[in-house]
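Coordinate analysis (summary)
For reference, the chains in residue letters:
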Amino acid sequence: MILYVHFGGPLPDAAYRGLIGLLGEFTPVVQALPPDAALADVSGSTRYFGRDATGLAGLIRMRAAAVFDLDATVGIGPNPLLARLAAHRGEPGTVRGVPDDPEAITRFLTGLPAAALPGVGPGTARTLASYGLHTADRIAATPLLTLQRILGAAAGRTLRERAAGVDPGRVTAGAPPRTVGAEHRFVRDELDAFRQRAALTHLAEQLGTRLRDERQACRSLTLTVRYADRAGSSSITRSRTLPESTAHSPQLRAAAHALHWSLGLQRARVRSLALRADGLGDAASAPRQLALGPDDDRTRRIEAAADRARARFGPGAVRPASTAGLR
C-alpha cells in the first residue's frame, strides 16, 4: 500500500528533510514531493512493524506531532493517485484510506468532483461541466473518444484513467531536491485576480531575495493554487522551466504571473498560493544571457540596492507598491 503524507504547508528546507528522514525510518521507498508532501510505499514494512498501513500511518502522524509539532494528514491507497485523493478528501489532520478492492475504489470515486483530480484546474473543470461531466464517475463512464475530442488525445486518455483510479506510476525513492518556497494564505477566499497577482508578486520578491541572499539561482518555478469548492478545498499545480537560471525578481515575477494566467482562475475563489523555486544551483556558475541594452543592468543595480536596504532595515523596507500590507 502507498501512503501520501501531507505536512500541512510549505516547510523550511531543514524541517522538510527531517520529515523525509522520519518516513525513511518506516520504509526505504520514500519519494519527496516538495514543498509539503511525500509518498511512501509501505508494502514491505507491514510485516516488519507488525502493523497494517493504517497503523503505520497513525504512528507516522504521532511521530510527526511529537518531533516536529505538525498535524500531518495521511492518505492510504493501492497507488499514489488514490492515496493522494484520499488525503485531500475531507478534513486535514486525519488518516483516510481506499481499500485495494475494485468495488471500494468505485464507491470512493463516485461523486468526487472533477476538479479534485490532479491536472484538472478551474478552466478544464468548466469545460467538462459544459458537457455534464461534473464528477469522476461520470468521466470514467464517458467513451474515451468523446473525452479525447473535448480535451485532446493524451489529456483525454490520462483524465479517463485517473477518473477510474488507475495510476501506473510508482513511488520512486530519492533524496528531496533542493528547493525554496513561500506561501500566501488569504484572510478569506479571494476572487479578485488583481489581489491574487499582487500576492504572487510578493511571493516572487520573497523567493528572489532569499535566493540572492543564499547566492543561489533556480532553473524552474512551480505554482500551487489551493481554491475553495464544494469538496472543501482542491489544488492545482503548474511548473515552468525558465529560459535561464535566475534569482532576478522581475524574471521570477513574470514567470509566476504567466503560470497564474495559464490556469484560467478568473472565476475561482482562491484560498492560498504557494510558489516554489526548483533546480537550485550556484548563482556564480549559472550562465547568463547577454542583454542588448542598459536596462537589465540598471534593474539589477536597483535590486541590489533594495537588498541592502532590506538587510539593514528589515524585509518590508523596500517592496512593490502593489504588495503593501501583505506579509
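This write-up is about the structure you can find in this document. Source: prediction; values computed, not measured.

Rules and cut-offs
Residues numbered from 1 in each chain as written. Predicted model: local features only at pLDDT ≥ 70, side-chain atom pairs only at ≥ 80, totals over all residues. Heavy atoms only, no water. Pairing = 2+ DSSP bridges. Helix = DSSP H or I, 4+ residues; strand = E, 2+ residues; numbered from the N terminus. Axes fitted to C-alpha atoms, helices over the stretch in contact; angles between N-to-C directions. Contact = heavy atoms within 4.5 Å. Parallel < 35°, antiparallel > 145°, perpendicular 65-115°, else oblique. Left-handed = near helix turned anticlockwise from the far one by under 90°. Nonpolar A, V, L, I, M, F, W, Y, C, P; charged D, E, K, R; others polar. Expected span 1.5 Å × (residues − 1). Buried < 20%, exposed > 50% of the residue type's maximum accessible area, 1.4 Å probe, protein only. Salt bridge = Lys/Arg side-chain N within 4 Å of Asp/Glu carboxyl O. Phe/Tyr/Trp six-rings, centres within 6.5 Å; stacked < 30°, edge-to-face > 60°.

1. Some thoughts on the sheet that holds strand E3 (residues 37-41)
- As summarised here, the arrangement of the five strands in space is E2-E3-E1-E4-E5, forming an open sheet in which the pairing is mixed. Strands at the two margins of the open sheet, each flanked by one partner only, are strand E2 (30-33) and strand E5 (95-97). Pairwise comparison of adjacent strand axes, ignoring direction, gives a mean angle of 15° for this sheet.
- Two strands pair when backbone bridges link them, and strand E4 (residues 73-77) and E5 are joined in this way by three bridges, in the parallel orientation. Opposite Ile 76, over in E5, you have Gly 97 as the bridge partner.
- This element, helix H1 (residues 13-24), spans strand E1 (2-6), E2 and E3 of the sheet and lies at about 160° to E2.
- Seen against the sheet, helix H3 (residues 53-68) touches E1, E4 and E5 and runs at an angle of roughly 165° to E4.

2. Here's the deal with the packing of helix H4 (residues 80-88) against helix H5 (residues 102-109)
- The geometry of H4 relative to H5 is characterised by a closest axis approach of 12 Å and an angle of 45° between their N-to-C directions. On the basis of the axis angle, H4 is oblique to H5. The two elements H4 and H5 cross, and the hand of that crossing is left-handed. Residues Leu 82, Leu 85 and Ala 86 of H4 form the contact with H5, whose own contacting residues are Ile 105, Phe 108 and Leu 109.
- Across the contact of H4 with H5, the residue classes tally to six nonpolar, no polar and no charged.

3. Notes on helix H11 (residues 249-262)
- Its 14 residues give H11 an end-to-end C-alpha distance of 20 Å, which sits within 8% of 20 Å, the value for a rise of 1.5 Å per residue.
- What H11 keeps buried is the set Ser 249, Leu 252, Ala 255, Ala 256, His 257, Leu 259 and His 260.
- Gly 264, located one to two residues past H11, shows a positive phi value of around 60°.

4. Remarks on H1
- For H1, which comprises 12 residues, the first-to-last C-alpha distance of 17 Å matches the rise-based estimate of 16 Å (1.5 Å per residue) to within 8%.
- For H1, the complete set of buried residues consists of Asp 13, Tyr 16, Leu 19, Ile 20, Leu 22 and Leu 23.

5. A closer look at the pattern of salt bridges
- Scanning all chains against the criterion turns up 10 salt bridges.
- A salt bridge links Arg 195 to Asp 192; the shortest N-O distance between them is 3.2 Å.
- The exposure class assigned to Arg 195 is partly exposed, which follows from its relative accessible area of 48%.
- For Asp 192, a relative accessible area of 30% translates into the label partly exposed.
- Each member of the salt-bridge network shares a partner with another, and the members are Asp 189, Arg 269 and Arg 271.

6. Observations regarding the packing of aromatic side chains
- A complete count under the given rule lists three aromatic pairs for this structure.
- Between Phe 7 and Tyr 16, the ring centres sit 6.2 Å apart and the planes meet at 80°, which makes this aromatic pair edge-to-face.
- Phe 7 gets classed as buried once you look at its relative accessible area, which sits at 4%.
- Judged by relative accessible area, which is 4%, Tyr 16 ranks as buried.
- Taking 5.1 Å as the distance between ring centres and 80° as the angle between the ring planes, the aromatic pair formed by Tyr 48 and Phe 49 counts as edge-to-face.

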